[in-house]
Amino acid sequence: MQKYNIKVTDGQDHDFIDLCRLLDFNLDEIVGETFQREKYQQYNTLDDIHDVIMIYQDRLPVACGGFKYYDDLTAEIKRVFVKKELRRHGLAKILMRELENRAIEKGFSRLILETGEPLKASMGLYRSIGFTIIANYGQYREMKESICMEKILA
């Protein structure tokens, strides 16, 4: 069994920034067009992400995700990514569990996120861990291709 290490950091972490670049390339492959994502880039800046979980394998960053403040009770999950070669090893569930625990520690009782129909694996993951589809919120209200989800934390 592989040994993984978890690190808590923030949106300015260089390893997080590097994995977010890979995430963007991955989204380009799935969506097929960079212009499709351009309208989302303004909502994916790393400056407001102060809580990040990194997963390392042999000192190499292999997975990341973070959350940012949405309101007093709600944290918004952002930039969740697992390197392709390590998908289907349970890392995304570990990552999401760590993010949930951190959000609870910070006093949040609800998580929200935005994804999209082409991201079927992501949607499957989120559903499997208790997220449900909600009406599009905030900046995603008018974006028909967006799918928003929430999870109420215990």
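The coordinates are above.
Every value quoted in this text rests on a predicted model; they were computed, and no experiment measured them.

Peer 1: Could you clarify how one ought to interpret the overall build of the protein in this entry?
Peer 2: Across its full length, the protein holds 4 helices and 7 strands. What you see in the protein, going N to C, is helices and strands ordered as β-α-α-β-β-β-α-β-α-β-β. Here the protein, with 154 residues, has 44% of them falling under the buried criterion. Counting only contacts in the protein whose residues sit at least 6 apart along the sequence, the fraction spanning at least 24 positions is 66%. If you sum the accessible surface of the protein, you get close to 8700 Å²; carbon and sulfur atoms cover 51% of it.

Peer 1: For this particular structure, what's the right way to read the nonpolar core?
Peer 2: Side chains of a nonpolar character, in soluble globular proteins, are inclined to be buried together. Phe67, Ile77, Met96, Leu99, Leu111, Tyr126 and Phe131 are the most contacted members of the largest nonpolar core, which totals 26 residues. Looking at this core, the elements that each hand over two or more residues are β2 (51–57), β3 (60–71), β4 (74–82), α3 (91–105), β5 (110–116), α4 (120–128) and β7 (146–152). The element best represented in this core is α3, accounting for 5 residues. If we ignore the near neighbours within four places in the chain, the residues touching Tyr126 are Val80, Met96, Leu113, Thr115, Phe131 and Met149. Leu19, Leu23, Ile49 and Leu119 belong to the second-largest nonpolar core, a separate cluster that totals 12 residues.

Peer 1: What am I meant to see in α3 here?
Peer 2: Every α-helix winds through 3.6 residues per turn, so residues three or four apart in the chain are directed the same way. Relative to the 21 Å expected for 15 residues at 1.5 Å per residue, α3 spans 21 Å between its end C-alpha atoms, a close match to the ideal helical length. Of the positions making up α3, those classed as buried are Leu91, Leu95, Met96, Leu99, Glu100 and Ala103. Gly107, located one to two residues past α3, shows a positive phi value of around 95°.

Definitions and limits used
- Residues numbered from 1 in each chain as written.
- Predicted model: local features only at pLDDT ≥ 70, side-chain atom pairs only at ≥ 80, totals over all residues.
- Heavy atoms only, no water.
- Helix = DSSP H or I, 4+ residues; strand = E, 2+ residues; numbered from the N terminus.
- Buried < 20%, exposed > 50% of the residue type's maximum accessible area, 1.4 Å probe, protein only.
- Contact = heavy atoms within 4.5 Å.
- Areas by Shrake-Rupley, 256 points an atom, 1.4 Å probe, with all protein chains shown as cover.
- Core = buried A, V, L, I, M, F, W, Y, C linked by side-chain atoms within 4.5 Å.
- Expected span 1.5 Å × (residues − 1).

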